Structure formats: structure tokens, C-alpha cells
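# Chain and residue survey
Given next are the chains, with one letter for each unit.
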Amino acid sequence: RSAFLTRSLRKMDKNIKQDGYGHSTTCIDSDNQNAVIRFLLSERVFGYPGSDGSYLSNYRHYVFNCHPLISIFFMNSQHPFERKRRIIVFLCTFAFTIFL
């Protein structure tokens, strides 16, 4: 089942076209359209790493990775924006807020 989906998604990757503005569009033929529908109906979850796929869990992980203060303590270890830079961003944001 997953091999079929993998092959179908690879076919879709070949059909990606760039327009003049840098946007990519995917043309889905009838075989790939059925594969996408089956994939969506297979009850797989989407979301941030470590989340269970629910809206609340995805929102919590979004806040843990994007909030200036909370993300310093609860960020995902695989996130490319390291703790040192997060502290600098928080201090700059805090200083700008206080002195404005």
C-alpha cells in the first residue's frame, strides 16, 4: 500500500511546473488523483514532529517553536533556529517594546 503511494507521489513530483512568478503548480492526472484521495482517507496524520496530528497538538507545537519567549525553553531539538539566536531575538524584541 505505501509503495503504491510512494510511486504515485513520485509521479506527481515529475508533473510539478514553475510559472513565471516562482510558484509551483502540480498537474494531477486521474491515476494520481485517486492515489491522493486514498492517501487522505487512510487516516494518516499531518503536523509538527512530536504532535499527534490534532489541531490542539499542532497549535501547541507551533507555539513551542515560534513564540519568542516560550520557544527558548520548549523548542524542537531539530529546529534549525538554535537557542542562542532565539535569546537574541527575544532580547531585541523586549528592548524594542520597552523603549518604544
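Here the structure is shown first, and the text comes after it.
One structure accompanies this document, and this report is about it. (Residues numbered from 1 in each chain as written. Predicted model: local features only at pLDDT ≥ 70, side-chain atom pairs only at ≥ 80, totals over all residues. Heavy atoms only, no water.)

### What about helix H3 (residues 55–66)?
For H3, with 12 residues, the first-to-last C-alpha span of 16 Å sits near the 16 Å given by 1.5 Å per residue. Every buried residue of H3 is listed here: Ser57, Asn58, His61, Val63 and Asn65. Each element contacted by the buried residues of H3 is listed here: helix H4 (70–74) and helix H5 (83–99). (Helix = DSSP H or I, 4+ residues; strand = E, 2+ residues; numbered from the N terminus. Expected span 1.5 Å × (residues − 1). Buried < 20%, exposed > 50% of the residue type's maximum accessible area, 1.4 Å probe, protein only. Contact = heavy atoms within 4.5 Å.)

### Let's talk about the environment of Pro68
For Pro68, the location among the structural elements is in the loop between H3 and H4. A relative accessible area of 33% means that Pro68 is categorised as partly exposed. Pro68 sits 23 residues away from Leu91 along the chain, and the two C-alpha atoms are 9.2 Å apart.

### Re a nonpolar patch on the surface
A cluster of nonpolar side chains, contributed by Tyr48, Tyr59 and Tyr62, occupies part of the molecular surface with about 330 Å² of accessible area. On the secondary structure map, Tyr59 appears in helix H3. (Patch = residues over 30% accessible without salt bridge, like charges linked within 9 Å, V, L, I, M, F, W, Y side chains within 5 Å. Areas by Shrake-Rupley, 256 points an atom, 1.4 Å probe, with all protein chains shown as cover. Salt bridge = Lys/Arg side-chain N within 4 Å of Asp/Glu carboxyl O.)

### Observations regarding the side chain of Arg86
Counting through the fold element by element, Arg86 comes out in helix H5. The side chain of Arg86 is buried and forms no salt bridge, while Glu82, the nearest opposite charge, is found at 7.9 Å. One polar contact links the side chain of Arg86 to the main-chain carbonyl oxygen of Asn65, over a distance of 2.8 Å. Ignoring sequence-local partners within four residues, the contact set of Arg86 consists of Asn65, Pro68, Ser71, Ile72, Met75, His79 and Phe81. (Lys, Arg positive; Asp, Glu negative; His and termini not counted. Polar contact = N/O pair within 3.5 Å; in protein donor to acceptor, adjacent residues only side chain to side chain.)

### Quick look at the side chain of Asn65
Among the secondary structure elements, Asn65 is positioned in helix H3. Residues contacting Asn65, with those up to four places away along its chain left out, are Tyr48, Ser71, Met75, Asn76, His79 and Arg86.

### Focus on the packing of aromatic side chains
What the rule picks out here adds up to 2 aromatic pairs. For the ring pair Phe90 and Phe94, a centre distance of 6.0 Å and an interplane angle of 20° mean the geometry is stacked. Of the two residues, Phe90 and Phe94 are both situated in helix H5; the distance of 4 residues between them amounts to about one turn of the helix. (Phe/Tyr/Trp six-rings, centres within 6.5 Å; stacked < 30°, edge-to-face > 60°.)

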